[in-house]
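# Chain and residue survey
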Amino acid sequence: MDLPLDAPLPIDPELGASTTAPTALAPQSVGRPNAKYARIVPITVVTISAFFFLLPLLTLARHSLQNVPAFLLGKDTIFTKWSLEPMWRAFDDPKFMPSLKLSLMLAVGTVFLTLALLVPTAVWTHLRLPKMRTFIEFITVLPYMIPAIALVAGIVIVKPHARWFLNSDFALIPFYVVLALPFTYRSIDAGLRAIDLRTLVDASRSLGAGWGTTLRKVLIPNLRTAIISASFLTAAVVIGEYTIASTLLKKTLPAFQREYTQREPQAGYALNLLALLVTTLLFVLLSVLTKKRDQSRKPYVPPAAEPTLPHTPTGTLT
Amino acid sequence: MTDVIITEVEGGRTAGAPPSSARRNWAWVGLVPFFAFLFLFLIIPALSVFFNALRTEDGFSLAPLGEAFSGQNFQAFRFSIMFSAGAAIVGVIWGTLLAYAAASLIRPKWLRNLITSFCGVAANMGGLPLAFAFITLLGARAGVLTNILNWLGLDIYEHGFDLGNTAGLIVVYSYFNVPLMVLITLPAIDGLKQSWREACANLGGTTWTYWRRVGLPVLTPSLLGGFLLLFANSFAAYATAAILTDNSKIVSLRIAFFLGGDVSIGEDAVGFGLVAWMIIVMAVCMSLYWVARRRAERWQSL
């Protein structure tokens, strides 16, 4: 099959064919005599991009694992002083465990508060206040307009009036819920749109279940994909968040990462590499978990139905 | 259950009789926790920024807002807007090219999946690890590439390059901007129907005609939306820049400097004035973005 290779074919991965007329018979070569060379441009773009995206990771790995300053690198030194030991050195630092523990506890707290707040709200809106849906969607994207550095400025102002609360490390949790809100709400909202919510609720209620049972035994299992993706992204936001934590002088993992890298560069770089690997693993795990569910439930998901913006609010992690 | 029937009527627009006001009031209550939460942890901090930006020693005035946009602060805004626009342009062009490549390279089947999955990760990969990774690549002393180029006889730092300068920030921010752009434009590029290309060819159009008359006009809202989002993304970024540089020309770093320093009340207001302006810039960008996105989705739902 000799398809026009530079054409943006709307190939559906599941059906394996174009959604329109049989392309192979279409007048493909009209006006494109250079179709043979058309592959060169995309291949060049992908190759250059691959270098750009891989090189920083590779040099970070080299700095972590090889104890040779960059300016001494050469024929004689390139294979010397490699060691895996710096990867684990940070774990021995007395400040590491407390910071990791704090970040993990914040992540768990943020995930639970997010779900406890958003799942009932989204369900309620879909069932009882469908006209409010657009308004609530608008409200949930407000954190896009107030980036982390601006939000923390507001917190600094409010602080003298709420010291009893903001002095606690766990005061970060509600603000992290706010930061992750645009994504988490959209994810849960999309999950609710995909199921026949009203029928499910009516069926459950007419069988004698109360609201609690309905939520626990009917809605949450049906929303599993949405809940998993909301939770993973929230966790990723919390574990990587530096702006608010550092300004409020909370000793979370990113704050430790910075302080430790300045103190012990090589082991610090290794710790950052590890953080990157763990975050990547989290996202890979997420895509595996959500893909399995989708495939078993729905035979075909059109590409346009995917959320256009599966990412954290602007300025959250960056 | 009568309960069910009433909700059905309320949901539909054809309801003949208006639902009883008592029931409607009751439905509102379900949203109170959510709105109370947002009010406490988002609205109050945001409003207090504006409140403090307008408050000086002798009452309210617009002076701090003006001062936050003049002199050194104006320089900072100009620098931030310039490099964010630069980073957004680079991200839009590169991201669109990469998305197009991902959509058109069908031969190794796994390639497209790999690119989209990687973009999903990299778009969220900001902050400290990224900044440190680029220090090991392009840092003044620690950078491997810097040293290789030096060895080849090109000292990029002699030529004014710095990770905290416009060029450096654009390079580093591209790491999360480009994948984000790929995620935004890929659905739009998938939305370009093969039949449109065929129709164009049947009417005697060339590839150039197709792109100028069909392809680009359809993609324009996506590209504009992408530009606005990448601009906002670069403008608001803090953690990455904080590691790379102490360049006080970057607005977000300048804000952090005001928040951390011991400054008197008058200057305090200027600091919050900076934040207020940042929120205004972000609000304008994001509002325009939502308009562009709505227009872009029109073609994708066909």
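Rules used throughout
Residues numbered from 1 in each chain as written. Chains lettered and ligands numbered in written order. Predicted model: local features only at pLDDT ≥ 70, side-chain atom pairs only at ≥ 80, totals over all residues. Helix = DSSP H or I, 4+ residues; strand = E, 2+ residues; numbered from the N terminus. Buried ≥ 20, exposed ≤ 12 C-beta atoms within 10 Å, placed from the backbone. Contact = placed C-beta atoms within 7 Å. Axes fitted to C-alpha atoms, helices over the stretch in contact; angles between N-to-C directions. Parallel < 35°, antiparallel > 145°, perpendicular 65-115°, else oblique. Left-handed = near helix turned anticlockwise from the far one by under 90°. Nonpolar A, V, L, I, M, F, W, Y, C, P; charged D, E, K, R; others polar. Expected span 1.5 Å × (residues − 1). Core = buried A, V, L, I, M, F, W, Y, C linked by C-beta atoms within 7 Å.

### Structural notes on the overall build of chain B
Per the secondary structure count, chain B includes 14 helices and 2 strands. For chain B, with 302 residues in total, the buried portion stands at 46%. Nonlocal contacts in chain B, meaning residues at least 24 apart in sequence, comprise 74% of its contacts between residues at least 6 apart.

### Description of the overall build of chain A
Along the backbone of chain A there are 14 helices and 0 strands. In sequence order, chain A lays out its α and β elements as α-α-α-α-α-α-α-α-α-α-α-α-α-α. Looking at chain A residue by residue over its 318 residues, the buried ones come to 40%. Look at the contacts in chain A between residues 6 or more apart in sequence, and 75% of them connect residues 24 or more apart.

### What to know about the packing of helix α10 (residues 194-202) of chain B against helix α11 (residues 207-236) of chain B
Two numbers describe a pair of packed helices, the interaxial angle and the distance between the axes. Residue and element names in this part refer to chain B. The geometry of α10 relative to α11 is characterised by a closest axis approach of 10 Å and an angle of 125° between their N-to-C directions. Taken as axis vectors, α10 and α11 run oblique relative to one another. The element α10 and its partner α11 pack so that their crossing is right-handed. Contacts between α10 and α11 involve W196, R197 and C200 from the first element and T209, Y210 and V214 from the second. Of the residues in the contact of α10 with α11, the class split is 4 nonpolar, 1 polar and 1 charged.

### Thoughts on the interface of chain B and chain A
Of the residues lining the interface, 88 residues belong to chain B; the matching set on chain A comes to 89 residues. Looking at the side of chain B that touches chain A element by element, the count peaks at 12 residues for helix α3 (residues 32-53) of chain B. Looking at side-chain class alone, the side of chain B that touches chain A contains 56 nonpolar, 26 polar and 6 charged residues.

### Focus on helix α7 (residues 127-138) of chain B
All names here are of chain B. The terminal C-alpha atoms of α7 lie 16 Å apart, and with 12 residues this matches the ideal 16 Å at 1.5 Å per residue to within 8%. The element α7 is largely enclosed, with a buried count of 12 among its 12 residues. The complete set of buried residues in α7 reads G127, L128, P129, L130, A131, F132, A133, F134, I135, T136, L137 and L138.

### Points about unusual backbone geometry
Of note in this structure, L249 of chain A is not a glycine but carries a positive phi near 60°. The topology assignment puts L249 of chain A in the loop between α12 (243-247) and α13 (253-263).

### Quick word on the nonpolar core
A general trend in soluble globular proteins is that nonpolar side chains are found buried together. Counting residues in each nonpolar core, the largest one holds 156 residues, and the members touching the most others are A153 and Y176 of chain A together with V49, V182, I255, V275 and I279 of chain B. When neighbours within four sequence positions are excluded, V49 of chain B is seen to be in contact with A150, A153, G154 and I157 of chain A together with F272, V275, A276 and I279 of chain B.

### Observations regarding the environment of L106 of chain A
All names here are of chain A. As for its position among the elements, L106 is in helix α3 (residues 96-128). Each C-alpha atom, one on L106 and one on F138, is 27 Å from the other, the two residues being 32 residues apart in sequence. With near-sequence residues (within four places) excluded, L106 lies in contact with L172, I173, Y176, V238 and T252.

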